[in-house]
Structure formats: C-alpha cells, structure tokens
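Geometric and topological summary
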Amino acid sequence: RAVEKVSRSYSNCASRLVDIVRQMILFDNVRDIASCLECISNDPHVQILRIKNRLSPDYNASKHSGGYRDVALNLRLCMPETLRLGLDGH
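Residues numbered from 1 in each chain as written. Predicted model: local features only at pLDDT ≥ 70, side-chain atom pairs only at ≥ 80, totals over all residues. Heavy atoms only, no water.

Considered as a void within the structure, the largest pocket measures approximately 1,400 Å³ in volume. As for the largest pocket, its lining consists of 35 residues, and the residues nearest its centre are V21, R22, Q23, M24 and L73. Contributions of two or more residues to the lining of the largest pocket are made by α2 (30-42), β1 (46-53) and β2 (71-77). Top element by residues in the lining of the largest pocket is β2. It accounts for 6 residues. When its residues are assigned to classes, the lining of the largest pocket shows 21 nonpolar, 5 polar and 9 charged. (1 Å grid on protein atoms, 1.4 Å probe; cavity = no way out; pocket = protein on both sides within 12 Å on 5 of 7 lines; lining within 4 Å. Points joined across faces, edges and corners; volume = space filled by probe spheres on them. Helix = DSSP H or I, 4+ residues; strand = E, 2+ residues; numbered from the N terminus. Nonpolar A, V, L, I, M, F, W, Y, C, P; charged D, E, K, R; others polar.)

Structure below.
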C-alpha cells in the first residue's frame, strides 16, 4: 500500500509518506480523547504533523466513510533512538 501511495499520490517522493506505522487507541468518550491529545501534544519527543478530526460536526461521515468516525494523527517521534536509526525524518 505504501509503494502504491507514493506512486499515486506523492509523485514517487517517498519522503512525503508519513503514515508508515498504524496504531489504534479506543476511548469510551470524547473527554478521554481530548485528554490523550493534550498529553501527546505536550510530549517534547512528539511532533504532530497532521490531525484529521472525523468527529467534527462538519465532517460528512455518511458521504466520506460509510458513517465511520475517528480522530487520526500523523506523528513524528524525535528522540535519540529515532535519530540513531535515521527514522526522525519519516
């Protein structure tokens, strides 16, 4: 999927691909999502590259995602381990 996305969406520029690894955290309510987002945004080792808020009332879930809603983040981890492995730019 990543190779296809680089070719189709990014004109073969792999450095633009930011969603290489996916993880999911489930929450019972919006308050807990907001608390988690605050913790992530305050972490000095995390750079938030993009937030897709598909919980927003402005997002037409039935049109775009079959009714599915979520909040998606693209993050970059900036710490000694990622620098050493050369992963800080991805």
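So, about the state of the cysteines. Counted according to the given criterion, the structure contains 0 disulfides. C39 carries a free sulfur, and the closest cysteine sulfur to it, the one in C36, is 6.6 Å from it. Residue C39 is classed as exposed on the basis of its relative accessible area of 54%. Looking at the unpaired C78, the closest cysteine sulfur is the one in C36, lying at 18 Å. (Disulfide = S-S within 2.5 Å. Buried < 20%, exposed > 50% of the residue type's maximum accessible area, 1.4 Å probe, protein only.)

Mapping D70 onto the fold places it in the loop between α3 (61-64) and β2. Here Y68 takes part through its side chain, which lies 3.5 Å from a polar atom of the side chain of D70. Each residue touching D70, except ones within four places of it in the same chain, is listed here: K52, N53, R54 and L55. (Polar contact = N/O pair within 3.5 Å; in protein donor to acceptor, adjacent residues only side chain to side chain. Contact = heavy atoms within 4.5 Å.)

Right, let's talk about the environment of N60 for a bit. Inspection of the secondary structure puts N60 in the loop between β1 and α3. Remark: the alpha-carbon pair of N60 and P44, spanning 16 residues in sequence, is separated by 33 Å. A polar side-chain atom of N60 sits 3.0 Å from a polar atom in the side chain of S62. A polar contact is formed between the side chain of N60 and the backbone nitrogen of K63, at a distance of 3.0 Å.

A rise of 1.5 Å per residue sets the reference length of α2, with its 13 residues, at 18 Å; its end C-alpha atoms lie 18 Å apart and thus fit the reference within 8%. Listed in full, the buried residues belonging to α2 are I33, C36 and I40. Mapping the buried residues of α2 onto a view down its axis gives an arc of 65°, with all of them on the same face. Exposed residues lying more than 90 degrees from the buried face of α2 are R31, E38, C39 and N42. If you follow the buried residues of α2, they end up packed against β1 and β2. (Expected span 1.5 Å × (residues − 1). Arc of directions from axis to C-beta.)

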